[in-house]
Amino acid sequence: MVNFEYYTPTRVVFGKGVEEKVGSLVKEQNGKKVLVHYGGQSAKKSGLLDRVFASLKEAGIEYVELGGVVPNPHLSLVYQGIELCKKEGVDFLLAVGGGSVIDSSKAIAYGVLGGADDVWDYYDGKATAQAALPVGAVLTIAAAGSEMSNSSVITNEKTLIKKGYNHDILGRCRFAVMNPELTLTLPEYQTACGCADIVMHTLERYFTADTTMEITDSIAEALLRTTMENARTLTREPQNYNARAEIMWAGSLSHNGLTGAGGGRGDWATHQLGHELSGLFDLAHGAALTAVWGSWARYVYKQNPARFARLALNVLELPAEGSVEELALAGIEEMENFFWGLDLPISMSEAGLNLDDEKIHELAVRCSFDGKRTVGGFKPLAQQDMEAIYKMAK
């Protein structure tokens, strides 16, 4: 194992009807005026926003609202939110939605108090935030884990560049209100993409070049099995509350650092490769990940085939037959079969992207920052490696 610090200060309020506690939770954080940030019309049509507003009013808390967050949240809306917060004297941000809304809220929080002239400087690696407004979340989509993670990812729609910013203290929500009932009406594809993201957050930490802890590996493996089992259940029974609850809690645990404790920094190459697909083509994040994961896995598995074989045995529950390498490859194929079973793509063409070599080269150039960086911890990947994986994923 490697030395680690584990920091998860977010208060979780989980269960049916808990969104009605939002006002008291904000009051406990000394919030006086709140920006309620959300996505499209679903939060309004479902009555969720009305319940949130009523709870804030009951607690005597003023609020303003800003909707319009889209998947792969846009920098332009972040700028609008920053200006609105400054104009209205907002001192607390409340994200009502999924990871995109929470990420956008975190970016606004950095932009108001962070110190840089341009909030994009944090995401572009040019500045470090010195402060941020506090953020709370009412989660409506189990996927990104942003409600308990230290990260936020924003897309600059002018350049089509998607980048993340992590801050272990300022980037954490003060509280996360999590009612699985709020996810019962999600479309099947959105549910599947969310489950894939949860699986990927766990796999990114599982595939590490560092030695690991048996307890952490076992937690990760249990989380993967549980997520996959309940994802399959939801394809048959989308109204199954217990399955929704399992997935919602798994989403938080997959990205709050628990499944990587003692195992180093993990890999994250699949996320970096997928971010370019989402940024350039506005592909759903979960689908972008599943489109490239199998190609990444086949490209790197020889670095440590025993690790992939362990996944095949302990998570995918394949029989212990053949060599370690054969078992590793069988596990990769079985994981792709899982994604297929959720009607998710396992190649870029299945995701509707038929890219020529020139466009694939552009993806690799962008992902490598024009050859200036490598990605991945399990096996570091240079630009030529990224290009090879994208070609395998065609």
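Please refer to the structure placed before this passage.
In this convention, every chain numbers its residues from 1, walking through the sequence in written order. Given that the model is predicted, a residue must reach a pLDDT of at least 70 before its local features are reported, and side-chain atom pairs must reach 80 or more before they are shown or counted; all residues, however, enter totals for whole chains, interfaces and linings. To obtain the side-chain values, all non-hydrogen atoms of the structure were included, while hydrogens and water were left out.

(A) Quick look at the packing of aromatic side chains. Any pair of Phe, Tyr and Trp rings, taking the six-membered ring for Trp, is counted once the centres come within 6.5 Å. Such a pair is stacked with planes under 30 degrees apart, edge-to-face with planes over 60 apart, and tilted for the rest. This model, assessed by the stated rule, comprises 18 aromatic pairs. Judged by centre distance (6.2 Å) and plane angle (75°), the ring pair of Phe14 and Trp249 falls under edge-to-face. Remark: Trp249 occurs in helix H9 (residues 241–254) and Phe14 occurs in strand E1 (residues 11–14); sequence separation between them is 235 residues. Trp249 sits in the partly exposed class, given a relative accessible area of 35%. Aromatic rings pair up to connect Tyr206, Phe207, Trp293, Trp296, Phe308, Phe338, Phe339 and Phe378 into one cluster. Think of it as a cone above the ring: NZ of Lys or CZ of Arg counts as a charge over the ring if it is within 6 Å of the ring centre and within 35 degrees of the ring normal. Positioned above the aromatic ring of Phe369, the side-chain terminus of Arg373 is 3.9 Å from the ring centre. For helices the rule is a DSSP run of H or I covering at least 4 residues; for strands it is a run of E covering at least 2, with both sets numbered from the N terminus onward. The classification of residues rests on relative accessible area computed with a 1.4 Å probe and restricted to protein chains. Under 20% of the type maximum is buried, over 50% is exposed, and intermediate values are partly exposed.

(B) Fine view of the packing of helix H11 (residues 285–300) against helix H13 (residues 324–341). Axis definition: a line fit to C-alpha positions, over the contact stretch in the case of helices; interaxial angles, taken between N-to-C directions, run 0 to 180 degrees. Running from N to C, H11 and H13 point in directions that differ by 175°, and their axes come no closer than 10 Å. Our classification of the angle between H11 and H13 gives roughly antiparallel. On H13, the residues touching Thr290, Trp293, Gly294, Ala297 and Arg298 of H11 are Ile332, Glu333, Met335, Glu336 and Phe339. Basically, the charged four are Asp, Glu, Lys and Arg, the nonpolar ten are Ala, Val, Leu, Ile, Met, Phe, Trp, Tyr, Cys and Pro, and anything else, Gly included, counts as polar. Tallied by class, residues from the contact of H11 with H13 come to five nonpolar, two polar and three charged. Note on angle classes: values under 35 degrees are labelled roughly parallel, values over 145 roughly antiparallel, values of 65 to 115 roughly perpendicular, and the remainder oblique. In what follows, residue pairs with any heavy atoms lying within 4.5 Å of each other are defined as contacts.

(C) Here's a closer look at the pairing of strand E2 (residues 33–38). A large share of E2 lies buried, amounting to six of its six residues. On E2, burial covers both faces: Lys33, Leu35 and His37 on one face and Val34, Val36 and Tyr38 on the other are all buried. Whether two strands pair comes down to DSSP finding at least two bridges between them. When E2 meets strand E3 (residues 62–66), the two strands line up parallel, connected through five bridges. Pairing of Val36 across the sheet is with Glu65, part of E3.

(D) Examining the side chain of His201 more closely. Inspection of the secondary structure assignment puts His201 in helix H7 (residues 188–206). Look at His201 and you get buried, because its relative accessible area is 3%. As used in this structure description, the phrase polar contact means that two N or O atoms lie within 3.5 Å; if the pair is within protein, one of them must be able to donate a hydrogen and the other to accept it, and residues adjacent in sequence are counted only when both atoms belong to side chains. Only 3.5 Å separates the side chain of His201 from the backbone oxygen of Ala144, close enough to count as a polar contact. At a separation of 3.3 Å, a polar atom in the side chain of His201 contacts the side chain of His271.

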